[in-house]
Amino acid sequence: MIHLDNVRFRYPSGEFRLEVPQLSAAAGEKVAVIGPSGSGKTTLLNLVAGILAPTAGRLEVDGIALTQLGERQRRDFRAARIGFIFQDFGLIDYLDVLDNIVHPCRISSALKLTSEIKQRARQLARQLGVSSRMNHHPAKLSHGEQQRVAICRALLLGPKLILADEATGNLDPKNKMLILDALFQAVATQQATVLAVTHDHELLDRFDRVIDFRDFLAVSPEAA
Ligand code: ADP
Ligand code: MG
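Residues numbered from 1 in each chain as written. Chains lettered and ligands numbered in written order. Predicted model: local features only at pLDDT ≥ 70, side-chain atom pairs only at ≥ 80, totals over all residues. Heavy atoms only, no water.

1. Structural notes on the confidence of the model for the protein
On average, residues of the protein score 89 in pLDDT, and 96% of them are at 70 or above. Within the protein, no element has a lower average pLDDT than helix H8 (residues 214-219), which sits at 70, and none a higher one than helix H3 (residues 97-101), at 97. (pLDDT = per-residue confidence, 0-100. Helix = DSSP H or I, 4+ residues; strand = E, 2+ residues; numbered from the N terminus.)

Structure, rendered in structure tokens:
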């Protein structure tokens, strides 16, 4: 599902460099990503999502070489196949919950907002316990509700790949487990791959595998 081969990245400004010799995740695999703050975990998710483009190397997601797509094609690819739960949720203040959930259909000209998709949005909202909030704006929701709306949005189009950036951050232990249950249950029904950044070490044994960013720092370029 995900293959990185000698991927290098640097931001136009700043000193930070990311170098990933090899990283793969199989279809249906649940992979946790851990590592110190500033080590490049969010950068990695943005590369895999095609939001950022590598400076060198090969990056393949769901059989597509992202490095060969233009920016617009990458955006369409992302909207159709990747569910991204951002660290700050990325909900849009002036849209209500329903419109936030169906937002992937609005950012990609390749996707149509059909009544089936709206139906699916409502069904996900029920499953995640936010269906009574459909006409509210994000500011009216609790932190946990915002998080669950972000998950509904990420799952809307049945993505093959789910990227979650500290999706359980700032929650109490019980709600952490609930969020992860909801995510994994949805993932199981659609056989998706999950790549999830987390600081919650007590959640790690629920994943199939852990990638530790300290491994990349060890091989990466102060040396070079
Ligand atoms: P993490 O998610 O592991 O905390 P990030 O991927 O957010 O780390 O950041 C890795 C490094 O890249 C940090 O040193 C950060 O300051 C730097 N960085 C992040 N975004 C940018 C940017 N847009 N321009 C320049 N440097 C950035
Ligand atoms: Mg981060």
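Structure shown, so let's carry the discussion forward.
2. Section: the packing of aromatic side chains
Geometrically, a pair of aromatic rings is defined through the distance of the ring centres and the angle of the planes. Counted according to the given criterion, the structure contains four aromatic pairs. Aromatic pair Phe84 and Phe86: ring centres 4.2 Å apart, planes at 10°, arrangement stacked. For Phe84, a relative accessible area of 7% translates into the label buried. A ring pair is formed by Phe184 and Phe207, whose centres lie 5.3 Å apart and whose planes are at 85°; its orientation type is edge-to-face. (Phe/Tyr/Trp six-rings, centres within 6.5 Å; stacked < 30°, edge-to-face > 60°. Buried < 20%, exposed > 50% of the residue type's maximum accessible area, 1.4 Å probe, protein only.)

3. Focus: the environment of Ala25
Among the secondary structure elements, Ala25 is positioned in strand S2 (residues 17-25). Separated by 59 residues in the primary sequence, Ala25 and Phe84 have C-alpha atoms spaced 16 Å apart. The contact partners of Ala25, leaving out residues within four places of it in the chain, are Met1, Ile2, Val31, Thr193 and Arg209. (Contact = heavy atoms within 4.5 Å.)

4. A few points about the pattern of salt bridges
Scanning the entire structure with this criterion turns up eleven salt bridges. Between Glu60 and Arg58 there is a salt bridge, with its nearest N and O atoms 2.9 Å apart. Asp181 serves as the salt-bridge partner of Arg206, at 2.7 Å between the closest nitrogen and oxygen. Taken as a pair, Arg206 in the loop between strand S8 (193-197) and strand S9 (209-212) and Asp181 in helix H7 (residues 173-190) lie far apart in primary sequence, 25 residues in all. The partly exposed category is assigned to Asp181, whose relative accessible area is 35%. (Salt bridge = Lys/Arg side-chain N within 4 Å of Asp/Glu carboxyl O.)

5. Notes on the nonpolar core
Core analysis: the largest hydrophobic core is formed by 42 residues, its most contacted members being Ile85, Ile101, Val149, Ile151, Leu156, Ile162 and Leu183. At the level of secondary structure, the elements contributing two or more residues to this core comprise strand S3 (30-34), H3, helix H5 (115-127), helix H6 (143-155), strand S7 (161-165), H7 and S8. Top element by residues in this core is H7. It accounts for seven residues. Aside from chain neighbours lying at most four places away, what touches Leu156 is Ile101, Val102, Pro104, Cys105, Ile117, Arg120, Ala121 and Leu124. Within the second largest apolar cluster, 29 residues are counted, among which are Ile2, Leu45, Leu47 and Val48. (Core = buried A, V, L, I, M, F, W, Y, C linked by side-chain atoms within 4.5 Å.)

6. Focus: the sheet that holds strand S4 (residues 56-61)
With antiparallel pairing, four strands are arranged side by side in an open sheet as S2-S1-S4-S5. Two strands in the sheet have a free side with no partner beyond their single neighbour: S2 and strand S5 (64-65). Sheet topology note: the strand S1 (residues 2-10)/S2 ladder contains eight bridges and is antiparallel. Following the sheet pairing, Arg8 is matched in S2 by Glu19. Running over the sheet, helix H1 (residues 41-48) touches S1, S2 and S4 and is turned about 120° from S1. (Pairing = 2+ DSSP bridges. Axes fitted to C-alpha atoms, helices over the stretch in contact; angles between N-to-C directions.)

7. Structural notes on the side chain of Asp165
Mapped onto the elements of the fold, Asp165 is located in strand S7. No salt bridge is formed by the buried Asp165, whose closest oppositely charged neighbour, Lys41, lies at an N-O distance of 6.9 Å. Side-chain polar atoms of Asp165 contact the side chain of Thr42, separated by 2.7 Å. With near-sequence residues (within four places) excluded, Asp165 lies in contact with Thr42, Leu45, Phe84, Ile85, Phe86, Gln87 and Val197. (Lys, Arg positive; Asp, Glu negative; His and termini not counted. Polar contact = N/O pair within 3.5 Å; in protein donor to acceptor, adjacent residues only side chain to side chain.)

8. So, the packing of H6 against H7
In the contact formed by H6 and H7, the axes pass within 11 Å of each other and the chain directions differ by 10°. Relative to H7, H6 is oriented roughly parallel. Across the interface between the two elements, Gly144, Gln147, Arg148, Ile151 and Leu155 of H6 pack against Ile179, Leu183, Ala186 and Gln190 of H7. Per-class residue counts for the contact of H6 with H7 are five nonpolar, three polar and one charged. (Parallel < 35°, antiparallel > 145°, perpendicular 65-115°, else oblique. Nonpolar A, V, L, I, M, F, W, Y, C, P; charged D, E, K, R; others polar.)

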